[in-house]
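# Notes for the structure review
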Amino acid sequence: MVRLFASSGRVEPAGHWAYAVETFHDEGSTMTGLSNADWLAVEVHEARLQVWAMQGGSALESATSESETAEPDGLAAFDAALAKLTAPWQLPRLPVFVAGLPAGRTDAAPRMVPCSAAAERTTAVATDNFDLQVIPPLRQQTPSGLLQGAETRIAGFLSLNKDWDGVICLPGATSVWAQISAGEVVSFQTFLTGELLALLGDGTPAEGTALDDTAFDDALSDGLSRPERMAGRLASIRAELALQDIPPPTAEARLAGTLIGAELAAARAYWLGQTLAVIGTGGAVPLYLRALSQQGALATEADGSRMALAGICAVRRAVNGG
């Protein structure tokens, strides 16, 4: 059910979490050959920690954990969570290339755009259990922006799609629109649309849940054409839901359509008339693809985890000289 301000709980910003580890191994894997692993690839993505045991450019095994919201405990909490997640593999101490580690946990200095999507240098950090190679975030001066992991997914997409130019959208708690030219991130714009969806409602519809298409499309059109009315529209949705004039799925669809429509209005220069790709998995990705298609802007869809791994591998190659 959509909350629309009803919850009194505090929503923490992305990156404020402690880990509650549950492991998901690749289906059909017998974990054979893990003794051949020579490095680990790790992505921290919002509340998700994913690790791959690697042999060269090949993934031998992967595991994932979901986190709980809590005050940040810094690098020590990350080290402990990663150690717990990889414990079943019984691996020796290996180098670990990490994407998406929140800024401030290490001394990794952000790279300023425009710059290549794939970092050519990492920051070495030794923890109790691992030798980390931290992939630096990207920073933009005006408008001020910070990419913490999205840049590595972009690098992965570009490594698999040579000579691709256009705009890449990465939906999430913080959505990203990045302009790409000649293998570089030229500029980007970020929005808190996903975080607002989680704060005001129950986030995006669960996978397999039917969306009220008509309600979403109408709210999207209104949000796109009149973004200045967004706050008023949200208040109206809350009132209609409280009065039981609309069912929760309709309120959820209107909420998502209103917020995504306002984002598309602000990001119009990024997607209008551009070659587009949307990187992500589940969540808001289908909503963004639908929203863009409603404007006649078709986009290539790419899996987020696959792009993350490809990007980490691209960075490792660049750091190691190919």
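Heads up: the structure comes first, above all this text.
Cut-offs used in this document
- Residues numbered from 1 in each chain as written.
- Predicted model: local features only at pLDDT ≥ 70, side-chain atom pairs only at ≥ 80, totals over all residues.
- Heavy atoms only, no water.
- Axes fitted to C-alpha atoms, helices over the stretch in contact; angles between N-to-C directions.
- Helix = DSSP H or I, 4+ residues; strand = E, 2+ residues; numbered from the N terminus.
- Parallel < 35°, antiparallel > 145°, perpendicular 65-115°, else oblique.
- Left-handed = near helix turned anticlockwise from the far one by under 90°.
- Contact = heavy atoms within 4.5 Å.
- Nonpolar A, V, L, I, M, F, W, Y, C, P; charged D, E, K, R; others polar.
- Pairing = 2+ DSSP bridges.
- Patch = residues over 30% accessible without salt bridge, like charges linked within 9 Å, V, L, I, M, F, W, Y side chains within 5 Å.
- Areas by Shrake-Rupley, 256 points an atom, 1.4 Å probe, with all protein chains shown as cover.
- Salt bridge = Lys/Arg side-chain N within 4 Å of Asp/Glu carboxyl O.
- Phe/Tyr/Trp six-rings, centres within 6.5 Å; stacked < 30°, edge-to-face > 60°.
- Buried < 20%, exposed > 50% of the residue type's maximum accessible area, 1.4 Å probe, protein only.
- Lys, Arg positive; Asp, Glu negative; His and termini not counted.
- Polar contact = N/O pair within 3.5 Å; in protein donor to acceptor, adjacent residues only side chain to side chain.
- Core = buried A, V, L, I, M, F, W, Y, C linked by side-chain atoms within 4.5 Å.

Relative to each other, helix α6 (residues 248-266) and helix α8 (residues 285-294) sit at 60°, their axes nearing to 11 Å. Compared by their axis directions, α6 and α8 come out oblique. Where α6 crosses over α8, the two elements pack in a sense that is right-handed. When α6 is examined against α8, the residues A256, I260, E263 and L264 are found in contact with a partner set consisting of L287, Y288, A291 and L292. Classifying every residue of the contact of α6 with α8 gives seven nonpolar, no polar and one charged.

This part is about the sheet that holds strand β12 (residues 166-170). Reading across from one edge, β7-β14-β13-β12-β15-β16 is the order of the six strands in this open sheet, with mixed pairing throughout. Here the strands that pair on one side only, and so sit at the sheet edges, are β7 (115-116) and β16 (299-302). Across four bridges, strand β15 (residues 276-279) lies against β16 in parallel orientation. Bridging across to β16, L276 finds its partner in A299.

It is worth spelling out a nonpolar patch on the surface at this point. The grouping of L192, L196 and L199 at the surface amounts to a nonpolar patch, some 240 Å² of accessible area in total. If you trace the backbone, L199 turns up in helix α3 (residues 193-200).

As a further point, take the packing of aromatic side chains. For the structure on display, the rule yields two aromatic pairs. For the pair F157 and W164, a centre-to-centre distance of 5.1 Å together with 85° between the ring planes defines the contact as edge-to-face. Just as F157 is buried, W164 falls in that class too.

Turning next to the sheet that holds strand β11 (residues 145-147). If you trace the three strands from one edge of the open sheet to the other, you get β6-β10-β11, paired in mixed fashion. Where the open sheet ends on each side, the last strands, each with one partner, are β6 (111-112) and β11.

For R111, the location among the structural elements is in strand β6. In this structure R111 is buried but unpaired, with E151 as the nearest side chain of opposite charge at 6.5 Å. Among the polar contacts listed, one links the side chain of R111 to the backbone oxygen of A117, at a separation of 3.2 Å. With residues up to four places along the chain from it excluded, the contact list for R111 reads S116, A117, A118, A119, P136, P137, L138 and R139.

For the structure on display, the rule yields seven salt bridges. Residues D217 and R290 are paired through a salt bridge, measuring 2.8 Å at the closest nitrogen-oxygen approach. Of this pair, D217 sits in helix α4 (residues 213-225) while R290 is found in helix α8, placing the two residues 73 residues apart along the sequence. Here R233 and D222 are joined by a salt bridge, their closest N and O atoms 2.6 Å apart. Taken together, the residues R233 in helix α5 (residues 230-242) and D222 in helix α4 connect sequence positions 11 residues apart. Its relative accessible area of 32% is what places R233 among the partly exposed residues. Among the charged side chains, a network of salt bridges with common partners joins D213, D217 and R290.

Packed helices, taken two at a time, are described by the angle their axes make and the gap between the axes. Running from N to C, α4 and α8 cross one another at 60°; their axes reach a closest spacing of 11 Å. As the angle between them shows, α4 and α8 are arranged oblique. In the crossing of α4 with α8, the sense of the turn from one axis to the other is right-handed. Here D213, F216, D217 and L220 of α4 lie close against α8, whose contacting residues are L287, R290, A291 and Q294. Broken down by class, the residue content of the contact of α4 with α8 amounts to four nonpolar, one polar and three charged.

By size, the foremost hydrophobic cluster in this structure holds 34 residues, and its most contacted members are W177, F216, I260, L264, W271 and L292. Broken down by element, the residue count for this core peaks at eight residues, all from α6. Once residues within four sequence positions are removed from consideration, W271 is found in contact with W177, L224, L264, L276, L292, Q295 and A297. Grouped together as the second largest cluster of nonpolar side chains are 24 residues, A37, V42, L49 and A108 included.

Another point: the pairing of strand β14 (residues 184-191). Every regular strand shows the same layout, with side chains that alternate between the two sheet faces. One ladder, built from two bridges, connects β7 with β14; its direction is antiparallel. By the bridge assignment for β14, S116 is matched with E184. Two strands pair when backbone bridges link them, and strand β13 (residues 175-181) and β14 are joined in this way by seven bridges, in the antiparallel orientation. Counterpart to S175 in the pairing with β14 is F191. Connecting β13 to the antiparallel partner β14 that follows it, the hairpin turn spans two residues, and A182 within it adopts a positive phi of roughly 55°.

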